[in-house]
Amino acid sequence: MTLDTSAEAPVPVRTVLQLVGGWIGRLGRVWVEGQIAECAVRGSAVFLTLRDPVAAVSVRVICSRQVFDAAEPSPAEGARVVIWARPDFNANRGSFALTALEIRAVGVGELLARLERLRRQLASEGLFSAERKRPLPFLPGVIGLICGRDSAAQRDVMQNAGRRWPAVRFRVEQTAVQGPYAVAEVIDALHRLDADPEVDVIVITRGGGSLEDLLPFSDETLIRAVAACRTPVVSAIGHEQDTPLLDYVADLRVSTPTDAAKRIVPDVAEQLALVSQLRDRARRCMTGWLDRETAWLEAVRSRPALADPVREVERQAERVDALLQRARMSLDTSLVRGRDDVAHTRARLLALSPASTLRRGYAIVQHSHDGVVRSAAEVDPGELLTVRFAADQLTVRASNDADGR
């Protein structure tokens with residue numbers, strides 16, 4: 001219910017605290033999961049600080065020594081537990097705490113089952129798809145490195161990367177890599193590096209550890225933060241057999257921190273050797289091309305037309321002269337043959353000419369209208385006829401005398 005209060009009619013502290021205690025008492029018993037941040041045994045009572053694995057909140061837990069000792073294995077700082085507890089509010093002190101009735105350690109099998117369910121859920125959302133993964137730059141200008149404070153993983157990455165490419169630059173963010181503060185610190189470092197325009201790739205690394213130690217790198221909040229990054233992210237967590245969920249969402253997963261250094265920067269010796277090989281190949285290609293062009297040019301220059309141009313002109317002149325002689329001979333032969341043909345034709349014409357026949361004593365009798373008389377029956381008595389001889393002609397009149405005159 002809502003208290004009806006005012007500045008003129010306030011309620012005493014005891015009333016407020018009693019009402020708060022009543023509201024909390026109505027919550028009932030609950031199962032609470034968290035990580036033990038502090039553990040103190042004082043006589044027959046045990047005082048625990050239970051921290052949320054993601055958010056930076058905690059709650060005080062009080063339990064009897066009997067309840068604490070009944071948990072298997074025995075709870076210790078850093079352990080993840082599930083507590084069956086009753087919320088209690090101390091009205092006299094104004095403090096809130098949970099009274100533990102049962103404590104259960106979260107086993108490896110249960111953790112693995114939870115991680116597998118989370119993995120399937122995130123995979124169904126497409127956070128692990130290959131299409132989302134971006135290629136790493138060939139030579140990053142600045143490498144963002146998220147690692148533990150003064151950790152061996154940091155030294156491995158920086159030393160091996162420096163050996164491969166001495167000019168490589170790092171921007172290091174040292175955070176907690178296990179425990180209740182790890183997730184929040186890694187996410188904050190990730191946001192800072194992702195917002196830096198000079199950072200071309202981000203490496204999240206730590207050495208190996210137990211499943212519980214690597215749990216922060218399977219946290220759903222961290223996985224979604226990595227998926228939202230605009231900068232490519234490399235996961236270098238643990239050893240080859242360790243596979244936190246960060247490996248699935250990262251743009252590149254490497255087996256060890258040392259392997260991360262080999263994958264994010266090229267080897268300067270290998271690149272120099274490659275440049276030398278490419279230069280040799282280019283030199284050989286250019287030399288071969290020049291040799292081929294030189295040989296072609298020599299072949300062209302050795303051709304008669306270029307080696308002795310005057311000789312070629314003379315040869316062509318000789319050819320023209322030869323063709324001219326052949327043309328003249330051909331023309332002369334054609335003229336002689338034509339002259340002979342004309343002579344033969346003239347001889348034949350003369351042989352067949354009526355004038356030749358007339359010179360042998362023959363004559364041609366023609367009518368007055370130039371028709372040739374072919375028989376006596378064609379001539380009428382008294383008709384004028386022309387008698388043509390070889391040299392001249394005369395005109396006669398036809399007669400049908402009995403004497404034939």
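Our subject is the structure listed above.
Position numbers for residues count from 1 along each chain, tracking the sequence in the order it is written. In keeping with the model being predicted, local features are shown solely for residues with a pLDDT of at least 70 and side-chain atom pairs are shown and tallied solely at 80 or more, while totals for entire chains, interfaces and linings include all residues. The basis for every side-chain value is the complete set of non-hydrogen atoms in the structure, without hydrogens or water.

1. Observations concerning the overall build of the protein
From N to C terminus, the protein includes 12 helices and 13 strands. The globule rule used here is 2.2 Å times the number of residues to the 0.38 power, and the radius of gyration it is set against is calculated over C-alpha atoms. The C-alpha atoms of the protein give 63 Å as radius of gyration, which overshoots the globular expectation for 405 residues (22 Å, by more than 25%). For the protein, the spread of C-alpha atoms along the three principal axes comes to 200 × 65 × 50 Å. Relative accessibility decides the category of a residue: with a 1.4 Å probe and only protein chains considered, values under 20% of the type maximum give buried, values over 50% give exposed, and everything between is partly exposed. For the protein, the proportion of its 405 residues judged to be buried stands at 31%. Carbon and sulfur atoms provide 55% of the accessible area of the protein, an area that totals close to 25,200 Å². For the charge count, each Lys or Arg is scored as positive and each Asp or Glu as negative, with His and the chain ends excluded. Charged groups are reduced to one reference atom each: NZ for lysine, CZ for arginine, CG for aspartic acid, CD for glutamic acid. Treating the 53 positive side-chain charges of the protein as one cloud and the 53 negative ones as another, the clouds have centres 2 Å apart. Think of it this way: any DSSP run of H or I at least four residues long counts as a helix, any run of E at least two long counts as a strand, and we number them from the N terminus. Methods summary: accessible areas were calculated by the Shrake-Rupley approach with a probe of 1.4 Å, and residue burial reflects only the protein chains presented.

2. Overview of the pairing of strand β9 (residues 233–237)
For β9, the buried fraction is high: five of the five residues fall into the buried class. Read as a crossover between parallel neighbours, the route from strand β8 (residues 199–206) over helix α6 (residues 220–227) to β9 is right-handed. Sheet topology note: the β9/strand β10 (residues 252–253) ladder contains two bridges and is parallel. Residue Val234 lies in a different strand from β10, and its bridge partner there is Leu252. By convention, orient the strands away from the viewer: a clockwise path from the first strand over the helix to the second makes the crossover right-handed. For two strands to be treated as a pair, DSSP must find no fewer than two bridges joining them.

3. Examining the layout of surface pockets
What the largest pocket holds in volume is close to 390 Å³. Lining the largest pocket are 20 residues; nearest its centre among them are Arg80, Leu115, Leu215, Ser218 and Asp219. Counting only elements with at least two residues in the lining of the largest pocket, the list comes to β1 (30–42) and α3 (108–124). Of all the elements, α3 adds the most residues to the lining of the largest pocket, at six residues. The definitions used throughout rest on a 1 Å grid laid over the protein atoms alone, on which a cavity is an enclosed set of points accommodating a 1.4 Å probe that cannot get out and a pocket is an open set flanked by protein within 12 Å on both sides along at least five of seven lines; lining residues are those having an atom within 4 Å of a point. Grid points are joined across faces, edges and corners, and a volume is the space filled by probe spheres set on the points.

4. Some thoughts on the sheet that holds β9
The five strands are arranged β7-β6-β8-β9-β10 in an open sheet whose pairing can be described as parallel. Looking at strand neighbours, the two that pair on one side only are β7 (169–174) and β10, the edges of this open sheet.

5. Regarding the packing of aromatic side chains
Here a pair means two rings of Phe, Tyr or Trp (six-membered ring of Trp) with centres within 6.5 Å. Their orientation is stacked below 30 degrees between planes, edge-to-face above 60, and tilted elsewhere. Counted by the stated rule, this structure contains two aromatic pairs. Two conditions define a charge located above a ring, namely a distance within 6 Å from the ring centre to NZ of Lys or CZ of Arg, and an angle within 35 degrees of the ring normal. The ring of Tyr248 is capped by Arg119, whose NZ or CZ atom sits 5.9 Å from the centre of that ring.

6. With respect to the pattern of salt bridges
When a carboxyl oxygen of Asp or Glu lies within 4 Å of a side-chain nitrogen of Lys or Arg, that pair is called a salt bridge. Under the counting rule described, the total for this entry stands at 19 salt bridges. With a closest N to O distance of 3.2 Å, Asp88 and Arg86 form a salt bridge. On the accessibility criterion, Asp88 (26% relative accessible area) is partly exposed. Arg86 gets classed as partly exposed once you look at its relative accessible area, which sits at 32%. What you see here is one network of salt bridges that share partners, running through Glu116, Arg119 and Arg120.

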